[in-house]
There are 2 protein chains.
Amino acid sequence: MRILVTGSAGFVGSHLVERLLDEGHYVIGVDNYISGQRSNTELFLSHISFSFIEADVSQGIPYTGEPLDWVMHFASPASPPHYQEFPIETLMVGAQGTQNGLELALVHNASFFLASTSEVYGDPQMHPQPETYWGNVNPIGVRSCYDEAKRYAEAITMAYHRKRGVNTRIIRIFNTYGPRMRPDDGRVVTNFIHQALEGKSLTVYGDGSQTRSFQYVDDLIEGIVRLMKVNYHEPINLGNPNEFTVLEFAELVKNQINPELEIVFESITQDDPKRRKPDIGLAQRLLKWTPKTLAIYGIKNLYNNIKDI
Amino acid sequence: MRILVTGSAGFVGSHLVERLLDEGHYVIGVDNYISGQRSNTELFLSHISFSFIEADVSQGIPYTGEPLDWVMHFASPASPPHYQEFPIETLMVGAQGTQNGLELALVHNASFFLASTSEVYGDPQMHPQPETYWGNVNPIGVRSCYDEAKRYAEAITMAYHRKRGVNTRIIRIFNTYGPRMRPDDGRVVTNFIHQALEGKSLTVYGDGSQTRSFQYVDDLIEGIVRLMKVNYHEPINLGNPNEFTVLEFAELVKNQINPELEIVFESITQDDPKRRKPDIGLAQRLLKWTPKTLAIYGIKNLYNNIKDI
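Criteria and cut-off values
In this numbering scheme, every chain counts its residues from 1 along its sequence in written order. Chains carry letters from A onward and ligands carry numbers from 1 onward, assigned in written order. The predicted origin of the model limits local features to residues at a pLDDT of at least 70 and limits the giving and counting of side-chain atom pairs to 80 or more, whereas totals for whole chains, interfaces and linings rest on all residues. The basis for every side-chain value is the complete set of heavy atoms in the structure, and neither hydrogens nor water enter the calculation. We count a stretch as a helix when DSSP gives it H or I for four or more residues in a row; a strand needs E for two or more, and each element gets its number in order from the N terminus. For the exposure calls, accessible area comes from a 1.4 Å probe over protein chains only, and a residue counts as buried if that area is under 20% of its type's maximum, exposed if over 50%, partly exposed in between. Contact definition: two residues touch when any of their heavy atoms are within 4.5 Å. Residue exposure ignores everything except the shown protein chains as possible cover, and the areas themselves are Shrake-Rupley values with a 1.4 Å probe. Any two strands with at least two DSSP-identified bridges between them are counted as paired. Simply put, the buried area is the total loss of 1.4 Å probe accessible area from both parts when two parts are fitted together. The salt bridge definition used is simple: a Lys or Arg side-chain nitrogen within 4 Å of an Asp or Glu carboxyl oxygen. By the convention adopted, Pro, Cys, Tyr, Trp, Phe, Met, Ile, Leu, Val and Ala count as nonpolar, Lys, Arg, Asp and Glu as charged, and the other residues, Gly among them, as polar. To define a nonpolar core, start from buried Ala, Val, Leu, Ile, Met, Phe, Trp, Tyr and Cys residues and group those joined through side-chain atoms within 4.5 Å. To get an axis, a line is fitted to the C-alpha atoms, and for a helix only the part in contact is used. The angle between two axes follows their N-to-C directions and goes from 0 to 180 degrees. Least squares is the method for superposing the copies, and the C-alpha atoms it fits come from residues with pLDDT of at least 70 in both. Two N or O atoms form a polar contact when they lie within 3.5 Å of each other; inside protein one atom must be a possible hydrogen donor and the other a possible acceptor, and for residues adjacent in sequence the pair counts only when both atoms belong to side chains.

Caption draft 1: Highlighting the overall build of chain A. Along its length, chain A carries 10 helices and 13 strands. Dimensions of chain A along its principal axes, counting C-alpha atoms only, are 55 × 45 × 40 Å. Burial statistics for chain A: of 309 residues in total, 61% are counted as buried. Here the contacts in chain A between residues at least 6 apart in sequence split such that 80% fall between residues at least 24 apart. A total of about 11800 Å² of accessible surface is found on chain A, and carbon and sulfur atoms cover 48% of it.

See the structure below:
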């Protein structure tokens, strides 16, 4: 198949490109490097089935090639420090970016795949979160540029599905980690790993009792590839329900990598969600999918991968 | 002052134009008539301080005149039948339309006023709703094209305020009624009044126990004009907290207009909010504002107004 991936130089996007190329598809990557990394494009440039367009998908997707089978929209700043640095760009890639992808899919009679996020649940009052939970998001907080952009992206994807007949998919990605995350990603896994690499103390925001469920990127990509083959249009959670408090996770990193590390506490950021954990019953039933990577393996793998660069 | 009003041919927009002209301002109206009515433009065309641009603000606001003091963004389909007929246009006027207004304000160093809605609260689980309530909105339901567009509009307005320094205002308008609503508006007040005028039965959806708080348009406009003079950037509820069940409201219309009318029940539409009532403490404190029009007066006034056309 011929598949256009926006955000191809991002963390998740680059792993998706790799998998699609491995499966024999032709992939057109698009990125503007606002948060993606050029090194993630360079990985594939010599591949005969990969081509790349440097463009801001919020302004339009300048693809004029042969017909597409899929438009997969993975472009967006995704870590709080990045989207808070670029709030307007983050809002635009959720609205205009998503719509440009949907219009491109419409022109090519292609299917459209939206990478949404567990952040649509905000600071959830239901735990774990099934797809039917409507969320608890502050529409005017400093995180709203991301959360509301993704909620909007879901709404316009459903509108194109219902009104224009586009064959759509929506996933809500929970915290994911793995190689090729930006060192300055700012989220807890990369922070801990890089702090550990540099022999620094591990920083926990708040008292560390907020929970996260960390999914290794290979598991996520497996879920994405499975969903492409299933005709289901409403959002599907993809995440690892194995829940850690941030403090437990710090201790896991400390124990696995360097028992000498200290753990320090800093004040929590605005609207930081206190708990988040996916209900993955739907993905299990529909995709026969379940995350396989244990946190201990994932952390060691990530640590070794970064150490070797 | 020189004030550009998007959605000037809409119900609320046209009352705002009238008030601003009455106060001696110069007003540029913009509308594409997707839900606005040409008759609402014709009302002011002979006024020396009014000019009009027919344009879709989602595509851009083609204003090239003298500097503006205000950009007031009131364009959007607002009734469920309309926005469900035009879901993509409704999403766009919330995203691109709002952003085009913010950019125009930025160019002119003008202030920006966003007409948001109580629909950002969705089907609220807190009652009444203060501005600090984050809402309960289904991001993928058939109403999400409106609800999520307005939440996005609030988020991007706050982003332009925080990041670009635009002087912004946000109001959340609760159910409002009055002259110049479209006869096919589809919301309960116009439905009842038009059914009463035609001697038809009054249609209640569901069992009629869902509540609404109905605000007469003159009260809303007074609140808007007051907020323009106050430097406050977070959302403010404008609505009448006097709560009726839909059934009580039907009975009020019946008693005031024609005691012979029957009340009939039909099945409820998807995601129809069960209760909504503003907490207007903030507007009372900040604007010294409180809605003054009693429902009995408002209904009779509206009935007489429509009857005379």
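Anyway, onward from the coordinates.
Caption draft 2: A look at unusual backbone geometry. Residue and element names in this part refer to chain A. Between H127 and the following residue, P128, the backbone shows a cis peptide bond with an omega angle of -10°. With respect to the helices and strands, the residue P128 is situated in the loop between β5 (111–117) and α5 (144–164). Of note in the backbone geometry, N109 takes a positive phi value of approximately 55° without being a glycine. Along the chain, N109 turns up in the loop between α4 (87–108) and β5. The class for N109 is exposed, based on a relative accessible area of 73%.

Caption draft 3: Inspection of the pairing of β5(A) at higher detail. Residues and elements named next belong to chain A. Counted residue by residue, β5 has 7 buried out of 7 residues, so it is predominantly covered. Side chains S111, F113, A115 and T117 project from β5 onto one buried face, and the interleaved F112, L114 and S116 project onto a second face that is buried too. The sheet contact formed by strand β4 (residues 70–73) and β5 spans 4 bridges and is parallel. From the neighbouring strand, H73 faces β5, where its bridge partner is L114. Pairing of β5 with strand β6 (residues 168–173), which is carried by 6 bridges, proceeds in the parallel orientation. Bridge pairing in β6 places F112 opposite T168.

Caption draft 4: Region of the structure containing the interface of chain B and chain A. Counting residues at the interface gives 39 residues for chain B, matched by 39 residues for chain A. The contact between chain B and chain A buries some 3300 Å² in all, and 61% of this surface belongs to carbon and sulfur atoms. If you sort the residues of chain B by the area they bury against chain A, W134(B), I140(B) and Y152(B) come out on top, with a joint share of 24%. At the junction of chain B with chain A, the criterion picks out 2 salt bridges. Linking E148(A) and R151(B) is a salt bridge whose minimum nitrogen-to-oxygen distance equals 2.8 Å. When residues of the side of chain B that touches chain A are assigned to their parent elements, the largest contribution, 14 residues, is made by helix α6 (residues 144–164) of chain B. Classifying every residue of the side of chain B that touches chain A gives 18 nonpolar, 9 polar and 12 charged.

Caption draft 5: Up close: the nonpolar core. Counting 72 residues, the largest nonpolar core has L4(A) and L4(B) as its most contacted members. In this structure, L4(A) is in contact with I28(A), V30(A), I61(A), Y63(A), L68(A), W70(A), V71(A), M72(A) and L104(A), ignoring residues within four places of it in sequence. Judged by nonpolar contacts, the second largest core, of 57 residues, contains V12(A), V246(A), F249(A) and I299(A).

Caption draft 6: Focus on the sheet that holds strand β3 (residues 50–54) of chain B. Residues and elements named next belong to chain B. Here 7 strands make up an open sheet; going across it, the order is β3-β2-β1-β4-β5-β6-β11 and the pairing parallel. Two strands close off the open sheet at either side, each with one partner strand: β3 and β11 (235–238). Sheet twist, expressed as the mean angle between neighbouring strand axes with direction ignored, is 20°. With 4 bridges connecting them, strand β1 (residues 2–6) and strand β4 (residues 70–73) associate as parallel partners.

Caption draft 7: Structural context of the relation of the copies chain B and chain A. Mapping chain B onto chain A calls for a screw motion: a turn of 180° about the axis and a shift of 0.0 Å along it, with 0.0 Å RMSD after fitting. Look at the turn and shift together and you get a two-fold axis relating the two. When the interface residues of chain B are mapped onto chain A, 100% of them again lie at the interface, so the same face is used by both copies.

Caption draft 8: Summary view of the environment of R169(A). Residue and element names in this part refer to chain A. Of note, R169 is situated in strand β6. Judged by its relative accessible area of 3%, R169 falls in the buried class. Taking the C-alpha atoms as reference, R169 lies 31 Å from I296; in sequence the two are 127 residues apart. Setting aside anything within four residues of it in sequence, one finds R169 in contact with W70, F112, F113, L114, L227, M228, V230, N231, Y232 and H233. Among the polar contacts made by the side chain of R169, one reaches the side chain of N167 at a distance of 2.8 Å.

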